[in-house]
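# Analysis of the macromolecular model
If you want the building blocks of each chain, they are given just below.
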Amino acid sequence: MKQISILVPYEAVPSTILDPKAIFTVVNQFLVNAGKEPVFDIQLVGLTEKVTLSNGVISVNTDTIISNLEKTDLIIIPALSGDMKSTIDLNADFIPWIVNQYKKGAEVASFCLGAFLLASTGLLNGKSCSTHWFSANEFRSMFPEVSMTEGSIITEIEGLYSSGGATSYLNLMLHIIEKYAGREISIMTAKYFAIEIDRQSQSIFVMFNGQKKHEDEPIKQAQEFIEQNYANGLSVDILADKFAIGRRHFERRFRKATSNSPAEYIQRVKVEAAKKQLENTSKNINEVMYEVGYADVKAFRTAFKKATGMSPMDYKHKYNRQAAA
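Attention here is on the structure that accompanies the text. Worth saying up front: this structure is predicted, and the values here are computed from it rather than measured.

## Regarding the nonpolar core
Taken as a class, soluble globular proteins show a tendency for nonpolar side chains to be buried jointly. Counting residues in hydrophobic clusters, the biggest one holds 67 residues, and the most contacted among them are Phe24, Ile98 and Phe139. Per-element accounting of this core gives the leading share, eight residues, to helix 6 (residues 168–181). Apart from residues lying up to four places away in sequence, phenylalanine 139 is in contact with Ala115, Phe116, Ala119, Cys129, Thr131, Val146 and Met148. In this structure, Phe225, Ile245, Ala257 and Ile266 belong to the second largest nonpolar core, which totals 17 residues.

Below, the structure written as structure tokens:
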């Protein structure tokens with residue numbers, strides 16, 4: 001059997017502890033009903049025997065504590081909440097244990113903001129991972145050695161798994177179930193729990209909010225200028241001239257501060273403005289395209305699909321109540 005250790009960290013999101021336990025238990029029952037042996041041995045693992053979550057609303061009794069567990073096969077780090085630096089400090093004792101288990105051959109999977117605890121181990125340095133799109137900038141700032149795949153639902157590399165935001169952890173669970181119990185059981189699980197199987201991207205859910213938690217004041221002013229004038233034919237040269245910074249130096253400073261090039265930033269701001277109009281107005285695609293500063297339909301569609309994973313028309317039909325009706 002595959003020994004699964006679901007961690008119970010302080011400041012964890014309770015559903016990302018309880019749902020995996022319930023789902024893996026049901027998978028075992030599916031297998032038993034089919035005349036097969038169960039695959040997963042599931043346990044809740046904490047730093048203490050009892051962990052209080054959600055400001056005291058929920059108490060979780062763990063099955064064991066890390067000092068009593070010599071070896072496991074798969075560690076699941078649930079989603080975390082609160083200030084990430086403080087939360088990691090609260091759970092610092094997990095870090096050497098996770099590293100030691102990984103060196104012994106265990107795989108490690110993080111859900112949503114659990115990626116912050118996984119990245120704190122150093123195991124992700126030089127590798128890629130997924131986390132909630134909302135915390136992408138904070139993650140990059142805290143862990144510059146890790147490459148964040150912002151739009152991905154699931155990332156897997158060298159026995160390290162991570163999932164995107166919120167309910168994306170359910171898709172990572174299906175991925176793990178398929179790997180160890182087979183595609184048929186994974187599909188059955190998806191149907192039983194009404195999970196959309198094989199979801200690949202969280203890009204459609206991303207709301208672009210440029211990284212402004214930096215100290216480069218001229219670049220911050222440039223960001224605000226872009227956000228107020230995105231439809232007015234902005235270019236890198238125009239921005240560099242306006243803020244009296246040489247073009248190459250401006251581009252370097254902008255990327256360092258925001259994790260985007262100026263051109264990327266302009267494009268993301270345009271697409272975000274287009275999304276809002278498609279969601280909330282009756283304007284057609286061409287009207288929206290011109291209003292956010294695009295003159296070429298193909299360029300607009302390409303930029304929009306790159307950012308959201310959908311065409312402008314499909315996005316409008318999905319999110320605009322009037323268009324859907």
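Additional details are given in the paragraphs that follow.
## Structural notes on the packing of aromatic side chains
All chains considered together, the criterion is met by 13 aromatic pairs. An angle of 80 degrees between the planes, with centres 5.6 Å apart, marks the rings of phenylalanine 30 and tyrosine 192 as edge-to-face. Taken together, the residues phenylalanine 30 in helix 1 (residues 15–33) and tyrosine 192 in helix 7 (residues 183–192) connect sequence positions 162 residues apart. We classify phenylalanine 30 as buried; its relative accessible area is 13%. The interplanar angle of 55 degrees and the centroid separation of 5.4 Å between the aromatic rings of tyrosine 294 and phenylalanine 300 together place this pair among those described as tilted. Aromatic ring contacts, followed pair by pair, group Tyr294, Phe300, Phe304 and Tyr315 into a single cluster. We note lysine 242 situated over the ring of phenylalanine 243; from NZ or CZ to the ring centre the distance is 5.9 Å.

## Thoughts on the environment of glycine 182
You can see glycine 182 is positioned in the loop between helix 6 and helix 7. Among the residues examined, glycine 182 registers a relative accessible area of 24% and is labelled partly exposed. Along the backbone, glycine 182 and leucine 113 are 69 residues apart, and their C-alpha atoms lie at a distance of 28 Å.

About the thresholds
- Residues numbered from 1 in each chain as written.
- Predicted model: local features only at pLDDT ≥ 70, side-chain atom pairs only at ≥ 80, totals over all residues.
- Heavy atoms only, no water.
- Core = buried A, V, L, I, M, F, W, Y, C linked by side-chain atoms within 4.5 Å.
- Buried < 20%, exposed > 50% of the residue type's maximum accessible area, 1.4 Å probe, protein only.
- Helix = DSSP H or I, 4+ residues; strand = E, 2+ residues; numbered from the N terminus.
- Contact = heavy atoms within 4.5 Å.
- Phe/Tyr/Trp six-rings, centres within 6.5 Å; stacked < 30°, edge-to-face > 60°.
- Lys NZ or Arg CZ within 6 Å of the ring centre and 35° of its normal.

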